[in-house]
Amino acid sequence: MNQKSLFSIRMRASTGGKHVSGAERIVSGECIDVTVQELVMRAREKDRAPEQIVVTIDSLGDILPRTLTALDVVTLKSDDVKSARSAASRLLQTAGVSAHATEVAIHHLSKGAAPSGGNMRGAIIMDSLSGERLESDQERGIRVSRVDWSEDASRKIQEHLSEIGLTHFRTRDALALATKVAQAPGVVAELCWSDEPDYPAGYIASLRSGYVRFPTLKRRGDPKGGRVYFVDSNMLDMAELIRYLQTETVLITDVGDCNPAIDPDAYV
Ligand code: COA
Ligand code: AMP
């Protein structure tokens, strides 16, 4: 293996054929061993060890990653799921998503967006005005991959997020994914909440709003979650969008502002 080029290292873990966790890194050759170890440890940190852990290592050869600056981060305090969702809806509408599409998106994520009734394996692509679903496979959706923080940015974002009380690795990973998605051709905004029952936080993200986090976008214990990427159909080249999201290599080399939590009414 060429030690100078970069490598995409991806981990996915499953039990009984069901996906339980995943993570990825983009690193130089000399960091492969330690990164594999970190990712395997991450897979085993779950309450119950997974039955299968798959780690894939691909050389990126001559590919130079696209570099991006992370979205700014702010948390909007909310007392309950209803008020959080209503603030999230308002922000999505400010970003250009219609009230109808926002309602449809929240409905899908709440009930389980896959036609079989469960969570999808990736994200919904939704027309930001009509609310029509555009992904060809509604069980799978589109899964964003090939994105990571540079070493320097990773250190900085960890520090800055910790300063505002966000120490969970999920926030760092979600911010990386959301930063890549916000820059995608044709994407207007994103809505996400986790499918982990004990992780009720979620976010909306767009170039305009940055990454706006809500501590309770779903009820604790609720196993339903997902992601919706709202797109402007007039500007959409679906093949290019999917290529960018799934395969274009993106390294986040700069961090944005990480702001302390505020009340939704104070957010302008
Ligand atoms: N949910 C459910 N199933 C999943 C899954 C997920 N999140 N990720 C992978 N799988 C399963 C599916 O069965 C999938 O088959 P499908 O393509 O038909 O859905 C199969 O594993 C293979 O998936 P693939 O994406 O080819 O695996 P991979 O090993 O290349 O990548 C991940 C796996 C989890 C790393 C990648 O999908 C991902 O989610 N990357 C983003 C991780 C992240 O947070 N990055 C931020 C970095 S800072
Ligand atoms: P999580 O934040 O990992 O709990 O994931 C929440 C939901 O987002 C999952 O149920 C999937 O529908 C979707 N998802 C998971 N990984 C990705 C990804 N890499 N890209 C897009 N959507 C994803």
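What counts, and at which threshold
Residues numbered from 1 in each chain as written. Chains lettered and ligands numbered in written order. Predicted model: local features only at pLDDT ≥ 70, side-chain atom pairs only at ≥ 80, totals over all residues. Heavy atoms only, no water. Near = heavy atom within 4 Å. Polar contact = N/O pair within 3.5 Å; in protein donor to acceptor, adjacent residues only side chain to side chain. Areas by Shrake-Rupley, 256 points an atom, 1.4 Å probe, with all protein chains shown as cover. Helix = DSSP H or I, 4+ residues; strand = E, 2+ residues; numbered from the N terminus. Nonpolar A, V, L, I, M, F, W, Y, C, P; charged D, E, K, R; others polar. Pairing = 2+ DSSP bridges. Axes fitted to C-alpha atoms, helices over the stretch in contact; angles between N-to-C directions. Contact = heavy atoms within 4.5 Å. Buried < 20%, exposed > 50% of the residue type's maximum accessible area, 1.4 Å probe, protein only. Lys, Arg positive; Asp, Glu negative; His and termini not counted. Salt bridge = Lys/Arg side-chain N within 4 Å of Asp/Glu carboxyl O. Disulfide = S-S within 2.5 Å. Core = buried A, V, L, I, M, F, W, Y, C linked by side-chain atoms within 4.5 Å.

**Quick look at the site of ligand 2**
Inference 1: The immediate surroundings of ligand 2 are formed by 14 residues, with Met120, Gly122, Val144, Ser194 and Asp195 found nearest.
Inference 2: One of the side-chain nitrogen or oxygen atoms of aspartate 195 is found 2.5 Å away from an oxygen atom of ligand 2.
Inference 3: In this structure, an oxygen atom belonging to ligand 2 sits 3.1 Å away from a side-chain N or O atom of arginine 227.
Inference 4: Taken by itself ligand 2 offers 490 Å² of open surface, and the protein chains cover 82% of this.
Inference 5: Ranked by residues supplied to the shell around ligand 2, first place goes to strand β11 (residues 226–231) with three residues.
Inference 6: Each residue belonging to the shell around ligand 2 can be placed in one class, and the counts come to six nonpolar, four polar and four charged.

**Here's the deal with the sheet that holds strand β4 (residues 66–69)**
Inference 1: Taken in spatial order, the three strands of this open sheet run β4-β12-β7, and their pairing is parallel. The sheet terminates laterally at β4 and β7 (147–149), the two strands that pair on one side only. Put simply, the sheet's adjacent strands are angled 35° from each other on average, direction ignored.
Inference 2: One ladder, built from three bridges, connects β7 with strand β12 (residues 250–254); its direction is parallel. Within β12, the position partnered with aspartate 148 by the bridge is leucine 251.
Inference 3: Docked against the sheet, helix α5 (residues 169–182) engages β4, β7 and β12, running at close to 125° with respect to β7.

**Section: the sheet that holds β11**
Inference 1: Taking strand neighbours across the sheet as the criterion, the six strands line up as β5-β10-β9-β8-β11-β6 in an open arrangement whose pairing is mixed. Looking at the sheet topology across the chains shown, the edges are occupied by β5 (73–75) and β6 (124–127). Between one strand and the next, the sheet's axes are offset by a mean angle of 20°, whatever the strand orientation.
Inference 2: The sheet strands contacting α5 are β5, β8 (187–193), β9 (202–206), β10 (210–214) and β11, and the helix crosses β10 at an angle near 140°.

**Quick word on the side chain of arginine 172**
Inference 1: Within the secondary structure, arginine 172 is located in helix α5.
Inference 2: No salt bridge forms around the buried arginine 172; measuring N to O, its nearest opposite-charge neighbour aspartate 173 is 5.0 Å away.
Inference 3: Sequence-distant contacts of arginine 172, that is, excluding residues within four places in its chain, are made with Arg25, Trp149, Ile157, Gln158 and Leu161.

**Considering the site of ligand 1**
Inference 1: Looking at ligand 1, there are 18 residues lining it, with Arg10, Glu24, Arg121, Arg140 and Arg143 nearest.
Inference 2: Between glutamate 24 and ligand 1, the recorded distance is 2.7 Å, taken from a side-chain N or O atom to a nitrogen atom.
Inference 3: Here arginine 121 contributes a side-chain N or O atom positioned 2.7 Å from an oxygen atom of ligand 1.
Inference 4: Surface burial for ligand 1 is 75%, taken as the share of its 910 Å² of free accessible area covered by protein chains.
Inference 5: Looking at which element gives the most residues to the shell around ligand 1, the answer is strand β2 (residues 18–28), with five residues.
Inference 6: Among the residues making up the shell around ligand 1, the classes are represented as seven nonpolar, two polar and nine charged.

**Observations regarding the state of the cysteines**
Inference 1: Applying the stated criterion to the full structure yields zero disulfides.
Inference 2: Of the cysteine sulfurs around cysteine 258, a residue in no disulfide, the closest is that of cysteine 192, at 17 Å.
Inference 3: Residue classification places cysteine 258 among the buried positions, given a relative accessible area of 17%.

**Looking at the pattern of salt bridges**
Inference 1: For the structure shown, the criterion picks out 10 salt bridges.
Inference 2: Taking the shortest distance from any N to any O, the salt bridge between arginine 133 and glutamate 135 comes out at 2.7 Å. In this pair, the class of arginine 133 matches that of glutamate 135, namely buried.
Inference 3: Residue glutamate 196 pairs with arginine 170 through a salt bridge whose shortest N-O separation is 3.3 Å. Here the residue glutamate 196 occupies a position in the loop between β8 and β9, and arginine 170 occupies one in helix α5, the gap between them amounting to 26 residues.
Inference 4: For arginine 170, a relative accessible area of 25% corresponds to the partly exposed category.
Inference 5: Bridged by salt links that share partners, the residues Asp152, Arg155 and Lys156 form one connected network.

**Side note on the nonpolar core**
Inference 1: Ranked by internal contacts, the top residues of the largest apolar core, which has 36 residues, are Trp149, Tyr211 and Leu245.
Inference 2: Residue assignment for this core shows that the elements contributing at least two residues are β7, α4 (151–163), α5, β8, β9, β11, α6 (238–247) and β12.
Inference 3: Setting aside its immediate chain neighbours within four residues, tyrosine 211 contacts Leu71, Asp72, Val73, Val74, Thr171, Ala174, Leu175, Ala178, Tyr203, Ile204 and Ala205.
Inference 4: Formed by 28 residues, the second largest nonpolar core is a distinct cluster that contains Ala87, Ala105, Ala113 and Phe230.

Any link to function would need more than the numbers given here.
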